[in-house]
Amino acid sequence: MSIVASSVLSIDGSYGEGGGQILRTALALSAVLGRPVELFKIRAGRKSPGLQPQHLSCVKALATITGAEVHGAELGSSCLHFAPGPITGGSHRIDVGTAGATSLVFQAILAPLAYANTSSALTITGGTHVPWSPPAPYISEVFLPMVERMGLGATWQVRRGGFYPKGGGEVRAIVQPLGRLSSIDLTNRGALLAIRVISAVAGLPRGIAERQANRVRDRFADAGHKIEIEIAEFDAACPGDTVFVWAEFEQARAGFGALGERGKPAERVADEAADGLLNFLAGDAATDPYLADQLAVLIALANGRSVLTTARVSRHLLTNLWTIQQFLPIEVSLEGQPDGPGRLSIDGAGMNVSSRERIAVARA
């Protein structure tokens, strides 16, 4: 496939869902493809529009690993120019700041680092369990096992928890270089192999985690499922509690989490997480709504046709697919209505390290 990389691509940051995902996807693809990008109206419809600390950390991280020329990387900026150079692996430390999600920053830099010539060792500080983002165990227990099936090797380990509002968590990650991403078939999830649960607290009585665990156990027992539960206590900059439940199938994984907050009973935290997975089990999709969205960039770059079924066609997914198609002339087919189950098929670009290097040389 021929990919023209010399011209600057303009992206409307207010399109569709209009959140930070457009920025993360656009910069990730800009880095991988070596194509300069200009984003305007970034997060224009949000309560705090423009670049916020979490988004700036993505920009700075990608600028560091690509030696990019960047303009507009300032707090509140609605426009950004990003012109990447060669991708550099090695050791990188990324401070997300406040309680910005370490998981979202990691997902933004994962694909570019996979196209580096050497492995990458990352230390990312910020939020590990914060609202509106994948909790830390989602990355290690759901996302990365699926990515590994595509040929991308990476590890993710939480060294210290980071809850809202202080953050302060620390994650260590390693990303191995790859030759080419393989396509993946997630049409059917296969038989259910196990349901696992982590109920955890930081700076709070262990009894809260035990109450959460007991509630989750009862909920799944009532539905006829046996589960494996881990109760954990860990260090964090500020108190917090969380429940994460995930299912392992023959061909797929799915996970759902919930966070505690002042005045919120432990049983309600447990119910939120349990409801997510029980509702998913009631259907037959292979991926939860979050995984479909997070795999989109990788399957767009992969070699061959990838197919997946998702429990819900989210606005995030629709916006992500639009952003991807601004960069890549690939065939994308999505069946299903917004907020309903769907089936996604993508004929990947077959991007590999050598083709990325050729693009970089052509731009030099």
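Rules used throughout
- Residues numbered from 1 in each chain as written.
- Predicted model: local features only at pLDDT ≥ 70, side-chain atom pairs only at ≥ 80, totals over all residues.
- Heavy atoms only, no water.
- Core = buried A, V, L, I, M, F, W, Y, C linked by side-chain atoms within 4.5 Å.
- Buried < 20%, exposed > 50% of the residue type's maximum accessible area, 1.4 Å probe, protein only.
- Helix = DSSP H or I, 4+ residues; strand = E, 2+ residues; numbered from the N terminus.
- Pairing = 2+ DSSP bridges.
- Axes fitted to C-alpha atoms, helices over the stretch in contact; angles between N-to-C directions.
- Contact = heavy atoms within 4.5 Å.
- Salt bridge = Lys/Arg side-chain N within 4 Å of Asp/Glu carboxyl O.
- Expected span 1.5 Å × (residues − 1).

1. Brief notes about the nonpolar core
Point 1. The biggest cluster of nonpolar side chains holds 88 residues, and the ones touching the most others in it are Leu39, Phe106, Phe143, Leu152, Leu301 and Leu328.
Point 2. In terms of residue count, helix H7 (residues 289-301) provides more of this core than any other element does, nine residues in total.
Point 3. If you look at the next biggest cluster of nonpolar residues, it comprises 21 residues, including Phe256, Ala270, Leu278 and Ala285.

2. Examining the sheet that holds strand E5 (residues 90-95)
Point 1. With mixed pairing, the four strands of this open sheet are ordered in space as E5-E6-E8-E7. The open sheet has two edge strands with one neighbour each: E5 and strand E7 (154-160). Ignoring which end each strand starts from, the neighbouring axes of this sheet average 15° apart.
Point 2. By the bridge criterion, seven bridges tie strand E6 (residues 120-126) to strand E8 (residues 169-175) in an arrangement that is antiparallel. Across the sheet, the residue bridging to Gly126 is Gly169, located in E8.
Point 3. Set on the sheet, helix H3 (residues 102-114) makes contact with E5, E6, E7 and E8; between it and E6 the angle comes to about 160°.

3. Here we look at the pattern of salt bridges
Point 1. Tallied over the full model, the rule gives 18 salt bridges.
Point 2. Note that Arg196 is salt-bridged to Glu228, the shortest N-O span being 2.4 Å. In this pair, Arg196 is assigned in strand E10 (residues 192-202) and Glu228 in strand E11 (residues 228-233), connecting sequence segments 32 residues apart.
Point 3. For Arg196, a relative accessible area of 24% translates into the label partly exposed.
Point 4. Where Arg219 meets Asp271, a salt bridge forms, and the shortest distance between an N and an O atom there is 3.0 Å. On the criterion of sequence distance, the pair formed by Arg219 in helix H5 (residues 206-222) and Asp271 in helix H6 (residues 266-282) is long-range, its members being 52 residues apart.
Point 5. Under the relative-accessibility criterion, Arg219 is labelled partly exposed at 23%.
Point 6. Counted as one network, the salt bridges with shared partners bring together Glu141, Arg196, Glu228, Glu248 and Arg253.

4. Description of H6
Point 1. Over its 17 residues, H6 extends 24 Å from the first C-alpha to the last, a length consistent with the 24 Å expected when each residue adds 1.5 Å.
Point 2. For H6, the full list of buried residues reads Ala266, Val269, Ala270, Asp271, Ala273, Ala274, Gly276, Leu277, Leu278, Phe280 and Leu281.
Point 3. Those residues of H6 that are buried lie in contact with E10, H5, strand E12 (240-249) and strand E13 (253-259).

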